[in-house]
Amino acid sequence: MAEAPIHILGIETSCDETAAGVVRRAPDGSGVILSNVVRSQIADHAPYGGVVPEIAARAHVTLLDPIVRQAMAEANFNFAHLDGIAATAGPGLLGGVIVGLTMAKAIALAHGKPLIAVNHLEGHALTPRLLGPCPFPYLLLLISGGHTQFQSVDGVGRYRRLGTTIDDALGEAFDKVAKLVGLGFPGGPQVELQARRGDARRFDFPRPLKGRKDCNLSFSGLKTAVRETVEKLGALSQQDVADVCAGFEAAVAETLSDRLDRAIAAFRDLHPDAAKPTLIVAGGVAANATLKQIFERSATEHGFQLIVPPAALCTDNGAMIAWAGAERLALGLIDDLGVAARARWPLDRVSLPVYGSGKLGAKA
Ligand code: KG4
Ligand code: ZN
């Protein structure tokens, strides 16, 4: 256990957010965000309907230096006073990861500071501990544009994946449905908005993997069903768009509820002594109000405490990487300057890759 507060700069460049933040971790394990600067590249990618890796990497090169300077200035800190530099070393779009990791190596080398190479998923997984007391173990549902998985978070660096998508990530499915009905990118928030005035019963979309004993998820069949429906409809009226979105969201809610119940049972099997365990839901899709009701219902029913971190900390940011770095440094876990950037990097060492999940270069 560290004796003095730890101050870490964290750098995040694994997808389309260029981000840097500074956090303090006190010896008692509590955290404070001193700065958290995020520059989204959404506008650069929107014309293409998705993130273009080369455009993202080039933008990180241009944006990162001023963003790191801004994060340091807002934290009122200089490099000499940091205890370490953390950067996302994967998984993600390799070009972008290399930009951030190389910047972190350069700062670490120039100022003689330890480097902490952070798994982006670990950043999401440990964020709740930055916000308040959140003892291990807890159950994490990560639903973002590139990842959809259940993890039992047993400690820093100790994760057990309980289930994962076997094809598309949930955010990706929302984005694809948005595209099919002619809404912009990113599609999740717009699908949610449309769904509010739609009739969820008009179309009977499948509930993928519902009732299965494992905790895996799947969204490609649902996406195909939406595509076929849209093709049959031809020119879409505003009501058609709303009804398709509502039907899709209802199918997601029902399937997610079923899968979450399975994951909760699997977590209970792993940790029979946990009295009132915590369920954390992170990632951009966690912002969806209809889905949030599902999480609340499942958590209450099974005696879990639900924490959905605020949107700014649920989506990609530098403070979450700084915090994972601080948690690792407090345990003496640092990396050497030769550490490699990785496009794929499962959080737990034992999980075999599930075919089709976590596509190469996917956003986490
Ligand atoms: O975590 P995030 O900001 O970025 C990464 O993927 O790392 O997640 C972005 C994803 C996008 O696919 C977006 O469409 C989805 O989260 N999303 C939503 C909502 N807000 C964002 N999906 C459904 N409902 C929402 N309200
Ligand atoms: Zn992420």
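Thresholds, definitions, all that
Residues numbered from 1 in each chain as written. Chains lettered and ligands numbered in written order. Predicted model: local features only at pLDDT ≥ 70, side-chain atom pairs only at ≥ 80, totals over all residues. Heavy atoms only, no water. Phe/Tyr/Trp six-rings, centres within 6.5 Å; stacked < 30°, edge-to-face > 60°. Helix = DSSP H or I, 4+ residues; strand = E, 2+ residues; numbered from the N terminus. Buried < 20%, exposed > 50% of the residue type's maximum accessible area, 1.4 Å probe, protein only. Salt bridge = Lys/Arg side-chain N within 4 Å of Asp/Glu carboxyl O.

A. Region of the structure containing the packing of aromatic side chains. Counting across every chain of the model gives 4 aromatic pairs. Ring centres 5.0 Å apart and planes at 85° place the aromatic pair F174 and F248 in the edge-to-face group. With F174 in helix α5 (residues 170-180) and F248 in helix α8 (residues 238-270), this pair connects stretches of sequence that are 74 residues apart. Of the two residues, F174 and F248, neither departs from the other in class, the shared state being buried. Relative to F304, the ring of F267 lies with its centre 5.8 Å away and its plane at 65°, an arrangement referred to as edge-to-face. Taken together, the positions of F267 in helix α8 and F304 in the loop between α9 (289-301) and β10 (305-307) put the pair 37 residues apart, joining distant regions of the chain. Note on accessibility: F267 and F304 belong to one class, buried.

B. Expanded view of the environment of G332. Residue placement: G332 occurs in the segment after α11 (318-330). The exposure class assigned to G332 is exposed, which follows from its relative accessible area of 53%. Placed 216 residues apart in sequence, G332 and I116 show a C-alpha to C-alpha distance of 10.0 Å.

C. Molecular detail of the pattern of salt bridges. A full pass over the atoms with the stated rule returns 18 salt bridges. Notably, a salt bridge pairs K176 with E172, separated by 3.3 Å at the nearest N-O pair. Residue K176 and its partner E172 are both found in helix α5; the two are separated by 4 residues, about one turn of the helix. In this structure K176 comes out as partly exposed when scored by relative accessible area, which is 31%. E254 is the partner of K210 in a salt bridge, and the nearest nitrogen-oxygen pair spans 2.7 Å. Of this pair, K210 sits in the loop between α6 (188-195) and α7 (220-233) while E254 sits in helix α8, placing them 44 residues apart in sequence.

From the geometry alone we can't say anything about function, so treat these as descriptive.
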